[in-house]
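Each chain, written out:
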Amino acid sequence: MIVKLKNEISLQQKEVLSSFLQEQGINFEYREIYGQSIFLLFSTLLESQIAYFTSLPFVEELAETPKEYLLASGGWKKAPTMFNVAGQLIGGNEINIIAGPCSVESEEQIFKVAEYLHGMGVKFIRGGAYKPRTSPYRFQGLGKEGLQLIRKAADAYGLRVVTEVIDSSLIAEVSEYADILQVGSRNMQNYYFLKQLGKIDKPVLLKRGMYSKISEWLMAAEYILSSGNEKVILCERGIRTFDTTVRNTMDVAAIPLIKELSHLPVFADPSHGTGRRDLVTPMALASVAAGADGIMVEIHPDPDKALSDGMQSLYLEQFKDLVNKANAVATAVGRSLDCDNSSKKTNAKPSENVVSV
Ligand code: PEP
Ligand code: MN
């Protein structure tokens, strides 16, 4: 059950409810999410308890806990979720661009990428320091040193950092260096981990599990939201199908579908979504056309020598071409790119829905 409270509820009224729940032995958690105060109840209520809640003047509604997602749904919140990350709006009319290598490999490599992105007016750099590799014998990332290097490069060029966190034990460390914490496809259903990410005050970019249905993906987001973190970005990154011609099948339809089902911003990662360099730009453009709020792309100064995902990493010049084309597609669908060197459009969404970070 979920007890929705009226917005003007006082601290004292909250305490009345908390003590009642404690006395009755009802397992509960209190949350404030998107401006709505709620008590999440984890026990079945007796008739008398239901009667008590519904009699209270400061209780707005007593709702059944859904089998699937609620907080992530458009039914819970109509306005698209937007928030700022170090001065850059996520989920607004401008489409965010995140680019960088699969892995941070060296100071030279990440500075080269950061300088290039800065030159293009891109605002976000990506790069894995802790890598979830399928084989334990492949490059596992530079760990903390990688985090330090990407932060240093980002700071030198005024960029924001997106990097993956692969385990609960690393959340504090990664949070120190990252502006957005990425949850990889392999961890999308690691529920304990998702709950821990719900307790932090940093945005989480939640990749779609490679075997996950849309509903499972939204329920993964629900774990983060219901644990208290309202800054969640969904990222389509392709799913496994019977076809092995491509590494993954990019589910472009998931983008407008998520827009129908949820208020959360949805990004697209055509690099993992295809696994092939030649398909990255076409799928990035398709994603922009389909309504993606952001594009995340792997780029490398020397992809053939990359320590991970070289096959799907764009050469820097190819990325410039992608951005130019994406800019034209964004214009065609009434949007623009969050990128200084691309021409801006003026029809930005109203700012009253913005949750400040
Ligand atoms: C990545 O972004 O480098 C990555 C490992 O992504 P995914 O979790 O989508 O495979
Ligand atoms: Mn990668």
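Residues numbered from 1 in each chain as written. Chains lettered and ligands numbered in written order. Predicted model: local features only at pLDDT ≥ 70, side-chain atom pairs only at ≥ 80, totals over all residues. Heavy atoms only, no water.

K.L.:
Would you mind going over the overall build of the chain with me for this structure?
P.N.:
Regarding its fold elements, the chain presents eleven helices and 16 strands. Taking 2.2 N^0.38 as the reference for a compact globule, 357 residues should give roughly 21 Å; the C-alpha atoms of the chain span a radius of gyration of 21 Å, in line with that estimate. Counting across all 357 residues of the chain, residues that qualify as buried make up 57%. A sequence separation of at least 24 residues applies to 70% of the contacts in the chain between residues at least 6 apart. For the chain, the accessible area works out to roughly 15200 Å², and carbon and sulfur atoms hold 51% of it. For the chain, the centre of its 38 positive side-chain charges and the centre of its 42 negative side-chain charges are spaced 3 Å apart. (Helix = DSSP H or I, 4+ residues; strand = E, 2+ residues; numbered from the N terminus. Rg over C-alpha atoms; globule rule 2.2 N^0.38 Å. Buried < 20%, exposed > 50% of the residue type's maximum accessible area, 1.4 Å probe, protein only. Contact = heavy atoms within 4.5 Å. Areas by Shrake-Rupley, 256 points an atom, 1.4 Å probe, with all protein chains shown as cover. Lys, Arg positive; Asp, Glu negative; His and termini not counted. Charge placed at Lys NZ, Arg CZ, Asp CG, Glu CD.)

K.L.:
Can you walk me through the coordination of the manganese ion (ligand 2) in this structure?
P.N.:
Four donors placed tetrahedrally about a metal ideally form angles of 109.5 degrees, and six donors placed octahedrally ideally form angles of 90 or 180 degrees. At 2.0 to 2.4 Å from the manganese ion (ligand 2) lie its protein donor atoms, namely Cys102 (SG), His272 (NE2), Glu298 (OE) and Asp309 (OD). Its relative accessible area of 0% is what places Glu298 among the buried residues. (Donors = N, O, S within 2.8 Å, 3.2 Å for Na, K, Ca; no water.)

K.L.:
What is the right way to read the pairing of strand S1 (residues 2-5) from this model?
P.N.:
Side-chain direction in a regular strand flips from residue to residue, so the side chains alternate between the two faces of the sheet. Alternating positions in S1 separate into two faces, Ile2 and Lys4 on one and Val3 and Leu5 on the other, with burial throughout. Pairing geometry for S1 and strand S4 (residues 59-63), over four bridges, is antiparallel. Paired with Val3 across the two strands is Leu62, which belongs to S4. Where S1 lies against strand S3 (residues 36-41), three bridges are found, and the strand directions are antiparallel. Residue pairing in the sheet places Ile2 in a bridge with Leu40 of S3. (Pairing = 2+ DSSP bridges.)

K.L.:
I tried to follow the pattern of salt bridges on my own but got confused; where do I start?
P.N.:
A side chain with one charge may pair with a side chain of the opposite charge, provided their charged atoms come close. This structure, assessed with the given rule, holds 20 salt bridges. Of the charged contacts, one joins Glu298 and Arg126 as a salt bridge, the two residues approaching to 3.4 Å between their closest N and O atoms. Of this pair, Glu298 sits in strand S14 (residues 294-298) while Arg126 sits in strand S8 (residues 124-126), and the two are 172 residues apart along the sequence. A relative accessible area of 3% places Arg126 in the buried class. (Salt bridge = Lys/Arg side-chain N within 4 Å of Asp/Glu carboxyl O.)

K.L.:
Would you take a moment to explain the side chain of Ser262 for this structure?
P.N.:
Inspection of the secondary structure puts Ser262 in the loop between helix H8 (254-261) and strand S13 (266-268). Classification of Ser262 as buried rests on a relative accessible area of 7%. A polar atom in the side chain of Ser262 sits 2.6 Å from the backbone oxygen of Ala72. Only 3.0 Å separates the side chain of Ser262 from the backbone nitrogen of Leu264, close enough to count as a polar contact. Excluding residues that lie within four positions of it along the chain, Ser262 makes contacts with Ala72, Ser73, Gly74 and Leu218. (Polar contact = N/O pair within 3.5 Å; in protein donor to acceptor, adjacent residues only side chain to side chain.)

K.L.:
Where do I start with the packing of helix H3 (residues 107-120) against helix H11 (residues 316-332) in this structure?
P.N.:
Closest axis-to-axis distance for the H3/H11 pair is 11 Å, and the angle between their directions is 25°. Overall, the two elements H3 and H11 adopt an arrangement that is roughly parallel. Between H3 and H11 lies a crossing whose hand is right-handed. On the side of H3, the interface is formed by Tyr116, Leu117 and Met120, while H11 contributes Leu316, Glu317, Phe319, Lys320 and Val323. When its residues are assigned to classes, the contact of H3 with H11 shows six nonpolar, no polar and two charged. (Axes fitted to C-alpha atoms, helices over the stretch in contact; angles between N-to-C directions. Parallel < 35°, antiparallel > 145°, perpendicular 65-115°, else oblique. Left-handed = near helix turned anticlockwise from the far one by under 90°. Nonpolar A, V, L, I, M, F, W, Y, C, P; charged D, E, K, R; others polar.)

K.L.:
I'm lost on the site of ligand 1 in this one. Help?
P.N.:
Taken together, Cys102, Arg126, Lys131, Glu164, Gln182, Gly184, Ser185, Arg186, Lys207, Arg237, His272 and Glu298 make up all the residues around ligand 1. Taking Arg237, its side chain carries an N or O atom lying 2.7 Å from an oxygen atom of ligand 1. His272 places a side-chain nitrogen or oxygen 3.2 Å from an oxygen atom of ligand 1. Alone, ligand 1 offers 300 Å² of accessible surface; in the complex the protein occludes 97% of this. Each residue belonging to the shell around ligand 1 can be placed in one class, and the counts come to one nonpolar, four polar and seven charged. (Near = heavy atom within 4 Å.)

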